[in-house]
Each structure stands twice: as structure tokens, then as C-alpha cells.
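Listed below are the residues making up each chain.
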Amino acid sequence: IMVQVTGPDSLVALSVTSPQNVVRGLAFYGMFRNLSFFGPAATGNQVQGCFIGTDAAGSFVAPTKRRDADGIVLMRGAARNSIGGTAPADRNVVSGNGFHGIATWDEGTDENVIINNLIGLHPDGDQPLPNRAHGVDLNSGTSYTRIGGERPEERNVISGNGIEGVEISHGSTTVGNRIVGDYIGTDVFGRPSTTLGNLMGILVEDHVQQNVIKGNTIGNNTVLGVRIENFSTGTVVTKNLIGVSANGAALPNGNIAVI
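Residues numbered from 1 in each chain as written. Predicted model: local features only at pLDDT ≥ 70, side-chain atom pairs only at ≥ 80, totals over all residues. Heavy atoms only, no water.

Some words on the layout of surface pockets
Considered as a void within the structure, the largest pocket measures approximately 230 Å³ in volume. Considering the residues around the largest pocket, the lining is formed by 18 residues, among which D9, M31, A62, P63 and G98 are closest to the centre. Among the residues forming the lining of the largest pocket, the class breakdown is seven nonpolar, seven polar and four charged. (1 Å grid on protein atoms, 1.4 Å probe; cavity = no way out; pocket = protein on both sides within 12 Å on 5 of 7 lines; lining within 4 Å. Points joined across faces, edges and corners; volume = space filled by probe spheres on them. Nonpolar A, V, L, I, M, F, W, Y, C, P; charged D, E, K, R; others polar.)

Take a look at the structure:
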């Protein structure tokens, strides 16, 4: 990272309302909100190779929790955007933000892809650099988002965050989102670490529908691995390693694996 963007904590650093833009190789930090993709024209955009929430040295972290001080927000119909990519140089570090790392809102904010990012970790992946609330938060009609993927190069590592690694919530129109193939609570190799777990791994709540949790390694979280509540029907939890790593090592989640 050779260019840093910072300023007063009242600012939104970059608000994108048009299609097919690429944001690459920048560090955004110290502001209220770092990147916003807003409205139905904000489609087909890419964020790759950036530090979102921390400086180029990977040392800055928001000093306190502040509601809505998110790293990346997609809302009001911003659809089919990509956060990260499969090449090593495409990986973003989304860490150090005052609230969520990545947050999505509103019906029509659909089919976005979040792949190959470090979310809540230092750029070296060896220590926490927490987002003060959730790593990824999908809300209020956001649908068909994919977090991770079937291929190893699509895997996100979501660890070190203040509350959940991933939350899917806020209403029955939040449909068909997928958390696939990610490491949630572990280090970058899917191993335990006493410093890296989220408070909770994944929370699915508030009547959301038909969401999928598949093929993830979920461990090392302080309280629990996966929680599904408040009539969130059709949730599928399948082929995950919960409380154990890929090589069979113990990777416990606080007191509860799945509830």
C-alpha cells in the first residue's frame, strides 16, 4: 500500500453511485465510514488490494465502538459488486473499523460477492485488528450475497471481531445468502489461536429465510459457533467443521457449537 486516505471522523471517504469502478491499492482509515456503494446504479464495482479501516502499516484501529462507522457499506440497491478477488493481490484487509467491517442494507442490494479477504485481522494474519462490532453484517432485505466460495482462493478469514464474525438478520426479505468455505474464528491456516476468535462465529436471526452455511471451519470463538433464532426458517447448516480443524485438531467454541 503506497497511498493512504484519512481525515476527520465525520467523513465518508468515498461514496460510489455509478457502475464498473475499481478501487485498488489504497488504505482508508480514521474516518466515519470508509467506502459506500449507494443506489441501484452502483453495480459491477470492485474493491481489491485495499486496507479498509487501518493504515498502510496495519497499526490503526478505531479507538472506540461507534454505531454505523463501517468499513464498507452496500445499500439502497447496490448490486453485483465484488469485495476481493481470487488473486493474492486482490485480497483486502477489512479491519480496525469502529463498527462493522462490511455491512449491506435494503432490498435490491443483491448478488454481491465477498471473497478472499482478511476481516478483523492484521495484514499479516497473525494477530487481531478488530472491527468493533461484526465482521460482516447482512441486513434488511439484502439477498443472494455470497461470502466465500467453494474454492480455497475464495476463502475469507473472519476473526478477531468484537461481536459476530457474520450476522444475517432483519427480516423475512433477507433471503438466499450463503456463507461458504470460510475460516471463522481461526488463524489464516484454520488453526486455533488464543487471541483471534470472534465473540460469536455466525448469528442468523429475525425471520430471515433460506440462507446457507456450508463448508466452513468455525472454531475458537469465545461464546459459540453458530446460533439460529427468531424463526429464521430454511437455514441450511451443512458440511462444516465446527469445533475441529481440517487436520482434526480441537478448535472449541466457548460453551456451544450450534444452537
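Quick notes on unusual backbone geometry
Look at E111: it is not a glycine, yet its phi comes out positive at around 60 degrees. Of note, E111 is situated in the loop between β11 (102-104) and β12 (113-114). With phi around 75 degrees, N220 is a residue other than glycine that occupies positive phi space. Within the fold, N220 resides in the loop between β22 (217-218) and β23 (224-228). (Helix = DSSP H or I, 4+ residues; strand = E, 2+ residues; numbered from the N terminus.)

Things to note about the sheet that holds strand β4 (residues 26-28)
Strand pairing in a sheet is mediated by backbone hydrogen bonds. Such pairs are either parallel or antiparallel. Read across the open sheet, the nine strands follow the order β1-β4-β7-β10-β13-β16-β19-β22-β25; overall the sheet is parallel. Both edges of this open sheet fall to β1 (3-5) and β25 (241-242), since each of them pairs with a single strand only. In terms of strand pairing, strand β19 (residues 183-184) meets β22 through two bridges, oriented parallel. Paired with Y183 across the two strands is T217, which belongs to β22. (Pairing = 2+ DSSP bridges.)

A closer look at the nonpolar core
Membership of the largest hydrophobic core comes to 32 residues, with the highest contact counts inside it found for F37, I72, I102, V136, V166 and I202. Those elements that provide at least two residues to this core are β5 (33-38), β8 (72-75), β14 (136-139), β17 (164-169) and β20 (200-204). If near-sequence neighbours (up to four positions away) are discounted, I72 is found in contact with L35, F37, I52, I83, V94, G101, I102 and A103. If you look at the next biggest cluster of nonpolar residues, it comprises eight residues, including A27, L121, V157 and Y183. (Core = buried A, V, L, I, M, F, W, Y, C linked by side-chain atoms within 4.5 Å. Buried < 20%, exposed > 50% of the residue type's maximum accessible area, 1.4 Å probe, protein only. Contact = heavy atoms within 4.5 Å.)

Re the environment of S159
In this fold, S159 is placed in the loop between β16 (157-158) and β17. Among the residues examined, S159 registers a relative accessible area of 0% and is labelled buried. In sequence terms S159 and Y144 are 15 residues apart; their C-alpha atoms lie 23 Å from each other. Those residues within four positions of S159 in sequence are excluded, and the remaining contacts are I119, G120, L121, Y183, I184, G185, T186, L196 and N198. One polar contact links the side chain of S159 to the main-chain amide nitrogen of G185, over a distance of 3.1 Å. (Polar contact = N/O pair within 3.5 Å; in protein donor to acceptor, adjacent residues only side chain to side chain.)

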